Amino acid sequence: MPTPPAVLRADELNEFLHSAFPGAPRDYGVQRVTEEGVRLRMPVGQGNVRPGGTVSGPTMMSLADAAAWMATLSRVGIVPLAVTSTLTINFLAKPDLVDLFADASLLRLGARSSLIEVRITSGVDGPLVAHATVGYSIPR
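Attention here is on the structure that accompanies the text. From a predicted model like this one, the values you see are computed outputs, not experimental measurements. (Residues numbered from 1 in each chain as written. Predicted model: local features only at pLDDT ≥ 70, side-chain atom pairs only at ≥ 80, totals over all residues. Heavy atoms only, no water.)

1. Brief notes about the overall build of the protein
Next up, step 1: Secondary structure summary: the protein contains 2 helices and 8 strands in total.
Next up, step 2: Counted from the first residue to the last, the protein has its helices and strands arranged as α-β-β-β-β-α-β-β-β-β.
Next up, step 3: Relative to its length of 140 residues, the protein is compact, with a C-alpha radius of gyration of 14 Å against a globular reference of 14 Å.
Next up, step 4: Across its three principal directions, the C-alpha atoms of the protein cover 45 × 35 × 25 Å.
Next up, step 5: Out of the 140 residues in the protein, the part that is buried amounts to 44%.
Next up, step 6: The long-range share in the protein, meaning contacts at least 24 apart out of those at least 6 apart in sequence, stands at 65%.
Next up, step 7: Where the 12 positive side-chain charges of the protein centre and where its 12 negative ones centre are 6 Å apart. (Helix = DSSP H or I, 4+ residues; strand = E, 2+ residues; numbered from the N terminus. Rg over C-alpha atoms; globule rule 2.2 N^0.38 Å. Buried < 20%, exposed > 50% of the residue type's maximum accessible area, 1.4 Å probe, protein only. Contact = heavy atoms within 4.5 Å. Lys, Arg positive; Asp, Glu negative; His and termini not counted. Charge placed at Lys NZ, Arg CZ, Asp CG, Glu CD.)

2. A short note on a nonpolar patch on the surface
Next up, step 1: A cluster of nonpolar side chains, contributed by Met-61, Leu-87 and Phe-91, occupies part of the molecular surface with about 240 Å² of accessible area.
Next up, step 2: Note that Leu-87 resides in strand β5 (residues 83–91).
Next up, step 3: The exposure class assigned to Leu-87 is partly exposed, which follows from its relative accessible area of 31%. (Patch = residues over 30% accessible without salt bridge, like charges linked within 9 Å, V, L, I, M, F, W, Y side chains within 5 Å. Areas by Shrake-Rupley, 256 points an atom, 1.4 Å probe, with all protein chains shown as cover. Salt bridge = Lys/Arg side-chain N within 4 Å of Asp/Glu carboxyl O.)

3. Some remarks on the packing of aromatic side chains
The description of two aromatic rings rests on the distance between their centres and on the angle between their planes.
Next up, step 1: All told, the structure shown has 2 aromatic pairs when counted by the stated rule.
Next up, step 2: Plain terms: the ring middles of Phe-16 and Trp-69 are 5.4 Å apart, the flat faces sit at 65 degrees to each other, and that makes the pair edge-to-face. Residue Phe-16 is found in helix α1 (residues 10–20), and its partner Trp-69 is found in helix α2 (residues 57–76); the two are separated by 53 residues along the sequence.
Next up, step 3: Among the residues examined, Trp-69 registers a relative accessible area of 9% and is labelled buried.
Next up, step 4: Aromatic side chains Phe-21 and Trp-69 sit 6.1 Å apart centroid to centroid with 70 degrees between the ring planes, which places their arrangement in the edge-to-face category. With Phe-21 in the loop between α1 and β1 (29–33) and Trp-69 in helix α2, the pair connects residues that are 48 residues apart, well separated along the chain.
Next up, step 5: Relative accessible area serves as the criterion here: at 29%, Phe-21 is assigned to the partly exposed category. (Phe/Tyr/Trp six-rings, centres within 6.5 Å; stacked < 30°, edge-to-face > 60°.)

So this is what it looks like as structure tokens:
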């Protein structure tokens, strides 16, 4: 099933993303809207590092969730109450302490829900370090 065309640009998604959490600004942002979904970039800093010198799991889960949310909103418009219904993540490799990239692709988009695949890489063209499937509930 083809992915519907985007209705929002990267700058519009970023404006909403950063205004949605005024007390806790997000480090990540939408780099671009793609034919399948979106690409987010997250700079990795000391606040993202866990013992053992790697990026923490909660950091990657947050990035996967944000990428899925932005992929959904890129197709349905600003729906602030669209919420995560499921998130399953597999950590595949130890990420380097470099920027993370999340490529989110819509697998299914219905009137009330979406299902998104998120692939997180370490570095621009680096190795795949995590894979997630995320479900979103879209209110009427």
